[in-house]
Amino acid sequence: MGLDREADCESRSSHSTNKPRRRSRRPRSRTASGSWSSSIILGLCSLCICVDVQRNIGSDAALGPCTKSMIEAVNTECEGQLSKRRVFFFNSSCNASSPASVKLPAPEVLPCQCETGYGIADDTLKCERCGPGKYGPGGKVLDSSTWGMWNRCPSGLYLKEDSTEMSTFCESGNLSVVTNIYEGSACQPWRPGPPDGKSSPTTGPVVVPSTCRKSDQSYIGSHSYLLSGVQPRNTRVLSVLHTVVEIVRVPASIDFTYFVDATPCFDTTSGHCDGLSFYIDNDETMTTQSQQLTWQKMSFSILEAGFHSLRWQMRISDVDDSKATSASNQAALRSIVLVGVEGNSSCAPCPSGTYSPTSNSSSCTMCPEFHYQDSSGKAECKPCPNDTYSLKGGSQCYPKRRCTENDLIKNLADISTCYHDVVNNKYVRNETISWLHHYGYSQPLCDKTALSPEQTRNRLVRCQCQPGQQFINLKTQRPFCQNCPKAWYSQDGVSCQSCHRGRVTTGELTITSWSTLPDGFTSSCFSCEGQQWLPNGDSLRTGYSTTSYDLQLVWDGITIVREGGGYLEFECSVDCSLDRGAGAQSGRALPLDPAAPGGVSFSSHCHLEFWLDDKAGVHEPIACAPPELRNGTIVRHLIGLPAGEYRFIWFYHQLDVHFAQSIGMEARLHKLRLVGLNSTLGGASSCLTCPAGTRQNDDQTECLTCPPGTFSEKGQDTCTPCPPGKIATGNMSSSCEDCPAGTYSQTHTHCGPCWPGTFAPGGTDQCETCSEGTFADKWGMPRCTQCGKGTTNARNFTTCDNKHCRVAPSFNMTAMLSVNGTHNASAANYTYDFSPLGEAGGGMLLANKNGSDGICFYMNLCTVEHDNSHCVDNNGQPINSMVCAEQCCSPSSHSSSSSSSSTNCTATAGKSYGYIIGWQFHTVENITISVTNGDLCNDNIRKRSADIHLSCTLKTGSNTSVPQFDEASSDECHAVFHWQTQYACPVCTENCFLESNGTCQANGMREETRRNVQQCWGNPSLKAFSRKVKCITIYVVIGAVVAFCLFVFVAFYMVRSQHMRTQADRIIHSRRMQDKLALMSEGDIDDDLIDTDYENGEGSDRNEDIETDDEMIE
């Protein structure tokens, strides 16, 4: 009886102290002393219960016997590291001392954990072999069967009805301030990834309620892995997955499988690279991983019992987009196994898509291709029906798409195998057609019957070499390809042709057909084994794969030697089309790129990039195609290359996150052309037309730059010197330019300015001298400036001569005038002197202006060599001008003072109204002085000018009066002034006066007068007067006249007499000669006799006779 009661006490104490309860999440130390404390407490509780039972022992007899159905068991916590106790008790009051009562079983020792391949059986609670369809990982498993148990709460996602809680949240990049930015932010925390079966995918941020009531909790469903979420670039966030586990036995471990696709780290020294990292107790156990595109298993040991923090974090930095690649910035976790923790260590069913054919399995095997398993806990996979397929590890089958020619791969036989086809009279070689299998698969994932046998049959194709080569077939050896020599080219790869003049060839390599990887090319794969770029006849392709991988093609050892550099031309395509059949079969909506047409993957999941390495560093990548052309469209790229060494890299990236929808993604390289290699290599596929500004060299291998002074048009073989007046200042000129106006050229390379006194309209080889009435006072004048009216050019046409404003007007400058109604006159009869209106070295005169616009006008005519500090330019330098204007401080400063010193204006940038003076005489006393060639007006066409209308008045005297501004006649470009001054009057001369003499009076006096008929100034020796002078008598006048007449008569007679005598001598001489000639003709008298007679005086009588005759003649 005592033993029964003791057992009953033990049962009751066990019942009271070992009821199942939720353990607090507060970390506590699990040590040996802790286990002793638990035993003491258990004993005390048992004692209390036994006292209570014995107190009521008298009433036990009234109870019925204890039956087997009343026995219940409870498990204690694990004791030590390997086991725990299982004790039994009666769950209701009974008479344990009754002979009919059953005995309680003795306490049992049960395992806490099982080895791999084993699990705790539900009935025996012992470690037993896991049967087919199940596996024993040796610890607690968190996998796709667990992710679906997550519920939504504002603070993150938590596992429900399990002792291990996991939370997810976002933190700002600044770790010194930990902020939960999950709700309402762009950051996406961890969440279940693509679902199995027909569940809806989790795309976009998880929507959570504002509170986390039990009624708000909802299950997400079964998912295959945890995804960190897509994080935007240029943000600094950490997407964190966190949990705390209690290790109850050591050594313990944690295993997990992950993949990550993040921007590669450009600066490893910063310690903050993008990617996934793992921490145990805040120690970084797995350093940041940026690129792991296939599932990778990691295992880490935990050597101490107790509570430990586990943290997975996906870091996204605010990196420069110019350096960022098209990574998706995502990470995923699958199948976390915790060994050494307290929890259910039973055999786990194999997830869908996997199986376990034998017992004692520690893991499940993925279903092979064309097999699937849509249920969990299965020992085998089911074959897919005809016309369907599944991927490895598939949980369902998809309808096969129709095969296209893209599912075939073409293999060209080597050129040496070419032979002559007699029927078609051409050389041919074999092209082998085979099916393109996805990497790791034994047959294509498409319906082969969609292609006809003719499309899949091997064929014969014409033997062609690469462009730039010619096909050589010699009887003594096998066919081969040979580069075309320099100045020759080949487009068809069969024969070479010569280039025309003005065209050249350079060292070149062109590839349009691919039978093998050319020399210098290497292919390598990351996150995959054995996959390579595949030669495909007219292209080089990546092939198909159902996994994530990076495939790289490198072309190394490239040297551009051409002086002007070269270029790389290549054509590529990338097909990122998703398998619509797989999505339609599963009932899922496909995640599409918003910037791309329907059915195209995100650019971060599928892209081909080109990287240029010039030995100094790798340049930024160039995308093969924009999103809208990632459907297989061929895109051409042209990249300039200066002389130097290079390495070219084509990098294809594929990320399989769309669950069997990436089976049709691939990239291709179609054509390569590299220009700028050593010209001795030849191999030109075309002749390059020499661009404008160049010419071909002698052997047509290079286009030479035209030197300065010459030019060439496109395709010329020589450089032509520039015509006269045209220049080419630099190298590679395609045309010559006219010398600007004001310059000339005789050298073809530069233009020189015309010297003062000359001008050039532009495009000439010499300067012209200014014409009369014009001048050029500066270097480089495009035209000569007209002199002012009434002035002429001087000093070799470099200036105009205004005679220092001393003017004697010509008749063409004036009009005939009537002065005082007494006689006609014009200004041409007078002389003017305007020089007092200007003063060399003096100040400028402020004009009187009554306007309210605050503009002051200053003038100093006849010269620009004066003090012009009142009108200055933007640099504060005085403006050389005869008339100028500036902004005054206020209208009140527009005084009529003769000097601007009387104003208080602050000088601003002034405007010149001209420095060329001229004049026009309207009347003798009204003259207009014109000042021209000022600053440009606001229309930037006309130049400012001024007219000063002078009126003659002697009232002002020698004091200079003030010119008056005529606002009504003026505008922004032309100013008009009126000025009354004595200097508008002519200088006094005799023409300004009229003299008259009066009649003699009886007193012998008469009056002489000189009166002023024209206002004039100066010359004080000339002035008007009136005076009386003596008269001359009449008799004196008459005598003088008679004497003068007698003198004239005598003089006339004497002149006439002399003239008559001269005429008589001439007649006598003529007669003598006639007589002599008559005697000589008769022959009677000698010449000597005649001469003697004359000499002896006998001829004197004849003279007398002649004189008598003369008198008679008279």
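It should be noted that the structure appears before, not after, this text.
Residues numbered from 1 in each chain as written. Predicted model: local features only at pLDDT ≥ 70, side-chain atom pairs only at ≥ 80, totals over all residues. Heavy atoms only, no water.

1. Structural notes on the overall build of the protein
Item 1. Looking only at helices and strands, the protein features eight helices and 79 strands.
Item 2. For the protein, long-range pairs separated by at least 24 residues make up 65% of all intrachain contacts whose partners lie at least 6 apart in sequence.
Item 3. Put simply, the protein shows about 56,500 Å² of open surface, and 51% of that area lies on carbon and sulfur atoms. (Helix = DSSP H or I, 4+ residues; strand = E, 2+ residues; numbered from the N terminus. Contact = heavy atoms within 4.5 Å. Areas by Shrake-Rupley, 256 points an atom, 1.4 Å probe, with all protein chains shown as cover.)

2. Description of the packing of aromatic side chains
Item 1. With the rule as written, the count across this model stands at 28 aromatic pairs.
Item 2. Each ring, one from Tyr832 and one from Phe921, has its centre 4.8 Å from the other, and the planes form 45°; the classification is tilted. On the criterion of sequence distance, the pair formed by Tyr832 in strand β67 (residues 832-833) and Phe921 in strand β72 (residues 916-923) is long-range, its members being 89 residues apart. Accessibility classification places Tyr832 together with Phe921 in one group, the buried group.
Item 3. Ring-pair connections join several aromatic residues into one group, and the members of that group are Trp514, Phe521, Trp555, Phe570, Phe610, Tyr646, Phe648 and Trp650.
Item 4. The ring of Tyr441 is capped by Lys392, whose NZ or CZ atom sits 5.4 Å from the centre of that ring.
Item 5. One Lys or Arg, Arg541, reaches over the ring of Tyr544 and ends 5.8 Å from the middle of that ring. (Phe/Tyr/Trp six-rings, centres within 6.5 Å; stacked < 30°, edge-to-face > 60°. Buried < 20%, exposed > 50% of the residue type's maximum accessible area, 1.4 Å probe, protein only. Lys NZ or Arg CZ within 6 Å of the ring centre and 35° of its normal.)

3. As for the sheet that holds strand β79 (residues 1025-1030)
Item 1. What the three strands build is an open sheet, ordered β77-β78-β79; its pairing is antiparallel. This sheet does not close on itself; its edge strands, each paired only once, are β77 (993-997) and β79. The mean angle between the axes of side-by-side strands here comes to 15°, regardless of whether they run parallel or antiparallel.
Item 2. Where strand β78 (residues 1005-1012) and β79 come together, six bridges link them in antiparallel fashion. Across the sheet, Glu1007 pairs through a bridge with Lys1028, a residue of β79. (Pairing = 2+ DSSP bridges. Axes fitted to C-alpha atoms, helices over the stretch in contact; angles between N-to-C directions.)

4. A short note on the pattern of salt bridges
Item 1. Considering all chains together, one arrives at 21 salt bridges under this definition.
Item 2. Measuring nitrogen to oxygen at the nearest pair gives 2.2 Å for the salt bridge that ties Lys726 to Asp738. Pair noted here: Lys726 is in strand β54 (residues 726-727) and Asp738 is in strand β55 (residues 737-738), with a separation of 12 residues, a long-range link.
Item 3. Relative accessible area serves as the criterion here: at 27%, Lys726 is assigned to the partly exposed category.
Item 4. The class of Asp738 is partly exposed, set by a relative accessible area of 44%. (Salt bridge = Lys/Arg side-chain N within 4 Å of Asp/Glu carboxyl O.)

5. Some words on the state of the cysteines
Item 1. Counted according to the given criterion, the structure contains 25 disulfides.
Item 2. Put simply, Cys350 and Cys364 are joined by a disulfide, and their sulfur atoms are 1.9 Å apart. Judged by the torsion about the S-S bond (-85°), the Cys350/Cys364 disulfide is left-handed. Note that Cys350 is positioned in the loop between β20 (348-349) and β21 (354-355) and Cys364 in the loop between β21 and β22 (365-366), a separation of 14 residues in sequence.
Item 3. In this structure Cys350 comes out as buried when scored by relative accessible area, which is 0%. (Disulfide = S-S within 2.5 Å.)

6. Digging into the environment of Pro1020
Item 1. Within the element layout of this structure, Pro1020 appears in the loop between β78 and β79.
Item 2. Owing to a relative accessible area of 74%, Pro1020 belongs among the exposed residues under this scheme.
Item 3. Sequence-wise, Pro1020 and Thr989 are 31 residues apart; in three dimensions their C-alpha atoms are separated by 9.9 Å.

7. Considering a nonpolar patch on the surface
Item 1. Judged by side-chain polarity, Phe1049, Val1050, Tyr1053 and Met1054 come together as a nonpolar surface patch covering roughly 490 Å² of accessible area.
Item 2. Within the secondary structure, Phe1049 is located in helix α6 (residues 1034-1082).
Item 3. When its relative accessible area of 56% is taken as the criterion, Phe1049 is described as exposed. (Patch = residues over 30% accessible without salt bridge, like charges linked within 9 Å, V, L, I, M, F, W, Y side chains within 5 Å.)

8. What about the environment of Gly502?
Item 1. Here Gly502 shows up in the loop between β36 (497-498) and β37 (503-504).
Item 2. You can call Gly502 buried: its relative accessible area is 0%.
Item 3. Between the C-alpha atom of Gly502 and that of Cys687, which follows or precedes it by 185 residues, the distance is 9.4 Å.
Item 4. When neighbours within four sequence positions are excluded, Gly502 is seen to be in contact with Leu688, Thr689, Cys690, Gln696, Gly715, Gln716 and Asp717.

9. What to know about the nonpolar core
Item 1. Phe834, Phe857, Leu861, Val883, Trp919, Ile948 and Phe977 are the most contacted members of the largest nonpolar core, which totals 42 residues.
Item 2. Taken together, the elements giving at least two residues each to this core come down to β69 (855-859), β70 (883-887), β72, β73 (926-932), β74 (945-952) and β76 (974-981).
Item 3. At four residues, β74 tops the list of elements feeding residues into this core.
Item 4. In contact with Phe977, not counting residues within four places along its chain, are Ala847, Phe857, Met859, Val883, Ala946, Asp947, Ile948, His949, Pro963, Gln964, Phe965 and Asp966. (Core = buried A, V, L, I, M, F, W, Y, C linked by side-chain atoms within 4.5 Å.)

10. Here we look at the side chain of Ser573
Item 1. Within the secondary structure layout, Ser573 lies in strand β43 (residues 566-575).
Item 2. Overall, Ser573 belongs to the buried group, its relative accessible area being 5%.
Item 3. A distance of 2.8 Å separates polar atoms of two side chains, one belonging to Ser573 and the other to His670.
Item 4. Here Ser573 is in contact with Leu608, Cys624, Gly632, Thr633, Ile634, Ala667, Arg668 and His670, once residues within four sequence places are set aside. (Polar contact = N/O pair within 3.5 Å; in protein donor to acceptor, adjacent residues only side chain to side chain.)

11. Some remarks on the sheet that holds strand β42 (residues 549-560)
Item 1. Taken together, the five strands give an open sheet; going across it, the order is β39-β42-β47-β44-β45, and neighbouring strands pair in antiparallel fashion. Edge positions in the sheet fall to β39 (521-526) and β45 (622-623), since each of these pairs with one other strand and no more.
Item 2. Sheet topology places strand β44 (residues 606-613) next to strand β47 (residues 644-654); eight bridges connect them, and they run antiparallel. Counted as the bridge partner of Asp613 is Arg647 from β47.

12. Here we look at the environment of Val635
Item 1. Among the structural elements, Val635 can be located in strand β46 (residues 635-641).
Item 2. Val635 gets classed as buried once you look at its relative accessible area, which sits at 14%.
Item 3. C-alpha separation for the pair Val635 and His670, spaced 35 residues apart in sequence, amounts to 9.6 Å.
Item 4. Excluding residues that lie within four positions of it along the chain, Val635 makes contacts with Phe570, Glu571, Cys572, Cys624, Ala625 and Leu629.

13. Here's the deal with unusual backbone geometry
Item 1. Even without a glycine there, the phi angle at Phe370 is positive, about 65°.
Item 2. Considering the arrangement of structural elements, one finds Phe370 in the loop between β22 and β23 (371-372).
Item 3. A relative accessible area of 11% places Phe370 in the buried class.
Item 4. Even without glycine at this site, Asp387 takes up a positive phi of about 65°.
Item 5. Following the sequence through the fold, Asp387 ends up in the loop between β24 (382-383) and β25 (388-389).
Item 6. Judged by relative accessible area, Asp387 falls into the exposed class, the value being 52%.

So far we have only geometry, and geometry alone does not tell us how the molecule works.
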